[in-house]
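# What the coordinates show
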Amino acid sequence: MSRSTAEAVPALDERIRGEPLVAQGETLASVTETVCRIVEKPHPPRAWYVAFGISAMLAGLLFAMVGYLLLEGTGVWGINVPVGWGFDITNFVFWVGIGHAGTLISAILFLFRQKWRTSINRFAEAMTIFAVVCAGLFPAIHVGRAWVEYWMFPIPNNLSMWPNFRSPLLWDVFAVSTYMIVSLLFWYMGMIPDLATLRDRARTPLRRFFYGFFSLGWRGSNRQWHRYERAYLLLAALATPLVLSVHSVVSFDFAVSLVPGWHATIFPPYFVAGAIFGGFAMVLLLIVPSREWFGLKNLITMRHLENMTKIVLATGSMVGYAYLIEIFIAWYSGNAVERFAFSNRAFGPYAWAFWTMVSCNVLLPQLFWFKRLRRSIPAILFIAVAVNIGMWFERYVIIVTSLSRDFLPSSWGHFTPTWVDLCTLLGSFGLFFTLFLLFLRFLPIVAIAEVKSVMPDAKLDRDVHHGQGDYHGDIPRQHERQFGDPEAD
Amino acid sequence: MFLETLAGASFRIAGEIGALLLAGSALAGLLVEGAAPHFWRAYLVGFAYFLSLSLGALFFVLLQHLTRSAWSVVLRRLAEGIAANMGLLAILSVPLLLFGLRSLYPWADETLAAHDPLVRAKSAYLNVPFFWVRWAVYFAVWTLTARWFLNRSVEQDRSGDVDLTLRMERASAPAMVLFAFTTTFAAFDLLMSRDPHWYSTIYGIYFFAGGVLGFLALLVAAACVTQRAGRMQRMITAEHYHDLGKLLFAFTVFWAYIAFSQYMLIWYADIPEETGWYLKRQSETWAWVSLALLVGHFFVPFLALLSRVPKRRKKMLVQVALWILAMHAIDLYYLAVPDSGVPALPPHPFYFTVFLGMAGLSVAAAGRCFRTRSLVPEKDPRLQESIAFENA
Amino acid sequence: MNGRWTTADGAPLFGLLAEFEDVDALIEGAQKVRDAGYTKWDAHTPFPVHGLDDAMGIRHTKLSYLVFAAGVFGVFAGLGLQWWTNTVDYPLIISGKPFFALPANIPVLFEVMVLFAAAAAFVGMLAFNNLPLWYHSLFKSRRFLRATDDRFFISIEARDPKFDPRATRALLTSLRGAAVEEVEE
């Protein structure tokens, strides 16, 4: 075979290499400056104040609703017999799901060597923490007597009573608390070097004390980096199965039961895919305005947004797959009750919710097949909002349609939310955004050290790190020489 | 030169032995009284085994394009070759579809189906003509996809055209959607409908997980054999084995996660129409098979691959890979056979002869595939990056 | 051996600090310091630099073993907790399941394992790194503030047996692109 064609091969171009992760012209110092400036400026942008005002008010509404609930009891909600789970558990599953994208970005994409994650992982991890805070609230208040919450933990108490470990609701307690703790560790550990950067730039004693205290005396020592990186890898390797387990355990709450429409073996992976799907939509929703307000467009580029839309498309299609398989198997089972459960979802009293869910979760994300829409800010925002609505409705459909149609038609019921339900849901968004806006104001919102480690200054082309997808040097076309004699000959 | 001839001859001999074993088994199944059902069960297990490996390979190829992966380029042609075995499998499916259905699937027996209300309720799906149509569609999708990706890749060996890479990347996403649905329904058809009463929504994913795991093990073995034959010795490095080891580990855990999800949900709810499937698999000698899977399909590879060392040592990794390949065969035996009410132990000799027969034919097909094709995508724009790849 | 050295002002000497502007110079320098046989020295970088571990000759950390041990302990702790509470101390008949029902115990077992292992990874990292350590002599250097921004450093401590103010300074000064200064204790 002739080698002369080799010259005709164009140099490795951007189509193969991908756009740079950090826009051209950024230096190590400029990345530090861009991210730290956000925190160091005396005043955030006006939009921040407006958003914070609204969010804090809504968070206040949440606390008022929780107070009212604790005083009056769960009767203030729309739940009834047979629909014993209403907005509370819907909100719980929704918020836990949102949290999953954070760990996916920080842990799973880390293990897959997706270096583009470095610009967005801090956001996503922060979002995880706040989403889990919101999620944890709901089962806690839904039990009614929130003051005996400690019964759910294996603490020796005066009743000499232990929790029942065979109950999926207890698995939730363990899964969500473990998830909260591990996510916090992961988030905080990732932040230590960046807090040290803020410490070293601090101008006021208060800042120096605050960032100095939390950066634990980090001094960028390579002996420390070495163990730090190993710990980060280990945490990622632990967080990956953990994140799968958390939403799987949440799905067990439904799937271990006999309730038609809940008892499906596909629930664990299907819930995990849905959680990541909704979480990514939320990350997009948060990141698009943030990069606008805080001048982060060079660090969070179109490439990052496009990659996220691709993940939304992929996970949205997985969710669509699960819907279809569930419906098919419901028919295939030949079981009258199963078949009814699904036809009732699509054509029963909650059909509007079902079709909202299908349109938002399966149909609309398909628009991301088009590159133009993947790179269009309005389209991204529109679909991200739609997916969040759709994923909330998914949980609503699963919970309410199945519970409202019990095995016996005489036990059928209907769920209508009360004003308390609606205000609590709204308030939970307030709490989430309040925490998130505080994070934007006081902590390094982009992982400074990690972004630097994928920049050209990190010299990744120094012969290690080849083949990891974000190689920015010029790849010599040596392989023509390396096996000049093609093996096919 | 001598090695080349020897390798070529060994491929041919493998094919001949394989064909002989398969034909001999079929003949014995036909002639010996009462042996036919055994033959068809063995045929089903073997067919499902090699099908799952090629599907795993197809998935791998699609995934590498979808993620624009660079590290795996040196391994991709081997995967493309394994996926291209789909042609042979399409041929092997013909006897099964024409003569095996009545023996294997209760729903294919119309008189039986007529008396069973549950089977009747799903007869719109579970009937012989529609089964044929579906399998024609599955194989059309799989063979065309596998061929298309192999041919584009080989075309690039000649032209070095970067656009081919971009075309493959673009095609991989819709191909993945087709792959997901065809694989799922194929698993429902081929294995789940062996007990037409039983159903599990996760079943397709279970089959997929096992197939990808088996394929990855096969890829480790294939890379090792290729290197022992003196090929690609400087190209496939410890780094590639390390990554394959990580993937093996990941899919071992994924398989266990899916298997546990299915088991736990059915065990916990304890509905008679579902637990029957597991009851069969936990009674008498089948209990040993279940236990063997729990220990051998999960704990052994999990512990063996946990540390970094065995993933980077070719000899250790290939042992784990061969173990996983054996366990995958037991997994399919466990999925396909108990519904006939036959004891697990000792397995009928057909399971070995038919399996080896199909293995021989597959080896011959692989030899044919690589007789005229290079073992690496020679001009893939990411090849150099792949060769130089190092784990951080 | 550990002679007490002092700075030019007579303060006790912590060591010498060399500043570099880019990664390549740092790695070259680190290799030379390693080959000169120093042991109490370190490199400081704003982000983890790949290839530096080899250049410094750092041995692989044992953190993984600790995490593995913690995970194994978590498995037994999770299993033991469920077994003892639900079968010995407070047996309850629930949904026709045995008191000790392994499939139903796996989720909690798994979570406890991950919790222990993750905590061990975090705490172990801090302990091995001798953190938190809010005071360190290097923080006295003005230049060193940029170690978390865009500069790279090599520090050699005065307690290193091979340390000699003049020879060590000569070594560091000879490194490409290095700016050297003394750091007081």
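What comes next concerns the included structure. (Residues numbered from 1 in each chain as written. Chains lettered and ligands numbered in written order. Predicted model: local features only at pLDDT ≥ 70, side-chain atom pairs only at ≥ 80, totals over all residues. Heavy atoms only, no water.)

What follows concerns the overall build of chain A. Looking only at helices and strands, chain A features 17 helices and zero strands. The C-alpha radius of gyration computed for chain A amounts to 25 Å, which stays within 12% of the reference 23 Å derived for 489 residues, consistent with globular compactness. Considered along the principal axes of its C-alpha atoms, chain A spans approximately 80 × 70 × 45 Å. A burial count over chain A gives 63% of its 489 residues as buried. (Helix = DSSP H or I, 4+ residues; strand = E, 2+ residues; numbered from the N terminus. Rg over C-alpha atoms; globule rule 2.2 N^0.38 Å. Buried < 20%, exposed > 50% of the residue type's maximum accessible area, 1.4 Å probe, protein only.)

Another point: the interface of chain C and chain A. Counting residues at the interface gives 70 residues for chain C and 59 residues for chain A. Counting every contact that joins chain C to chain A gives zero salt bridges. Counting across the interface, chain C meets chain A through 31 residue pairs in polar contact (both at pLDDT 80 or more). Among the elements of the structure, α1 (23-35), β2 (41-44), α2 (52-56), α3 (63-89) and α4 (102-128) of chain C are those that each provide at least two residues to the side of chain C that touches chain A. With 17 residues, the single largest contributor to the side of chain C that touches chain A is α4(C). (Contact = heavy atoms within 4.5 Å. Salt bridge = Lys/Arg side-chain N within 4 Å of Asp/Glu carboxyl O. Polar contact = N/O pair within 3.5 Å; in protein donor to acceptor, adjacent residues only side chain to side chain.)

Attention now moves to a nonpolar patch on the surface. Residue and element names in this part refer to chain B. Nonpolar side chains collect at one region of the surface, where Trp288, Leu291, Leu294, Val295, Phe299, Val300, Trp323 and Leu345 lie side by side and expose about 770 Å² of accessible area between them. If one sorts the elements of the nonpolar patch by residue count, helix α12 (residues 286-306) sits on top with six residues. In this structure, Trp288 sits in helix α12. (Patch = residues over 30% accessible without salt bridge, like charges linked within 9 Å, V, L, I, M, F, W, Y side chains within 5 Å. Areas by Shrake-Rupley, 256 points an atom, 1.4 Å probe, with all protein chains shown as cover.)

The tally for this structure, following the rule as stated, stands at 35 salt bridges over all chains. A salt bridge links Arg77(B) to Glu80(B), with the shortest nitrogen-to-oxygen separation between them at 2.8 Å. Of this pair, Arg77(B) and Glu80(B) both sit in helix α3 (residues 73-83), separated by three residues, roughly a single helical turn. What makes Glu80(B) buried here is its relative accessible area of 1%. One network of salt bridges, in which partners are shared, links Glu19(C), Glu21(C), Arg143(C), Arg146(C), Asp150(C), Arg151(C) and Glu181(C).

Before going further, it helps to spend a moment on the interface of chain A and chain B. With 59 residues of chain A at the contact, the number on the chain B side is 71 residues. Buried area between chain A and chain B, both sides added, is near 5,500 Å², and the carbon and sulfur share of it is 63%. Counting across the interface, chain A meets chain B through one salt bridge. Between Arg113(A) and Asp243(B) there is a salt bridge; the shortest N-O distance is 2.4 Å. Run the count over chain A and chain B and you get twelve residue pairs in polar contact (both at pLDDT 80 or more). At the level of secondary structure, the elements contributing two or more residues to the side of chain A that touches chain B comprise α1 (14-17), α6 (168-201), α8 (222-255), α9 (267-293), α10 (302-332) and α17 (479-482) of chain A. (Buried area = accessible area lost by both parts, 1.4 Å probe.)

A few words now on the packing of helix α5 (residues 121-142) of chain A against α6(A). Residues and elements named next belong to chain A. Taken N-terminus to C-terminus, the directions of α5 and α6 make an angle of 150°; their axes are 10 Å apart at the nearest point. Crossing angle aside, the handedness with which α5 passes α6 is left-handed. Where α5 abuts α6, its residues Arg122, Glu125, Ala126, Thr128, Ile129, Phe130, Val132 and Val133 lie against Val176, Tyr179, Met180, Ser183, Leu184, Phe186, Trp187, Gly190, Met191 and Asp194. For the contact of α5 with α6, the class distribution of residues is twelve nonpolar, three polar and three charged. (Axes fitted to C-alpha atoms, helices over the stretch in contact; angles between N-to-C directions. Left-handed = near helix turned anticlockwise from the far one by under 90°. Nonpolar A, V, L, I, M, F, W, Y, C, P; charged D, E, K, R; others polar.)

Further remarks concern helix α11 (residues 336-347) of chain A. All names here are of chain A. For α11, built from twelve residues, the straight-helix expectation of 16 Å at 1.5 Å per residue is met to within 8% by its first-to-last C-alpha distance of 16 Å. Within the sequence span of α11, burial applies to Glu338, Ala341, Phe342, Asn344, Arg345 and Ala346. For α11, the elements touching its buried residues are α10, α12 (351-363) and α14 (377-404). (Expected span 1.5 Å × (residues − 1).)

This next bit is on the packing of helix α7 (residues 128-159) of chain B against helix α8 (residues 162-190) of chain B. Residue and element names in this part refer to chain B. Look at α7 against α8: their axes get within 10 Å of each other, and the N-to-C directions meet at 155°. Looking at the two axes, α7 sits roughly antiparallel to α8. As for how α7 packs across α8, the hand of that crossing is left-handed. In terms of residue class, the contact of α7 with α8 is made up of 16 nonpolar, eight polar and five charged. (Parallel < 35°, antiparallel > 145°, perpendicular 65-115°, else oblique.)

Another aspect to go through is the sheet that holds strand β4 (residues 179-184) of chain C. Note: strands within a sheet are paired through backbone hydrogen bonds, in either parallel or antiparallel orientation. Residues and elements named next belong to chain C. Taken together, four strands build an open sheet; the order of strands is β2-β3-β1-β4 and the sheet is antiparallel. Looking along the sheet, the strands with just one partner apiece sit at the ends: β2 and β4. Neighbour-to-neighbour, the strand axes of the sheet open up by a mean angle of 20°, direction not taken into account. Sheet topology places β2 next to strand β3 (residues 152-157); four bridges connect them, and they run antiparallel. The residue of β3 that forms the bridge with His44 is Phe153. Along the sheet, α1 makes contact with β1 (13-20), β2 and β3, crossing β3 at roughly 20°. (Pairing = 2+ DSSP bridges.)

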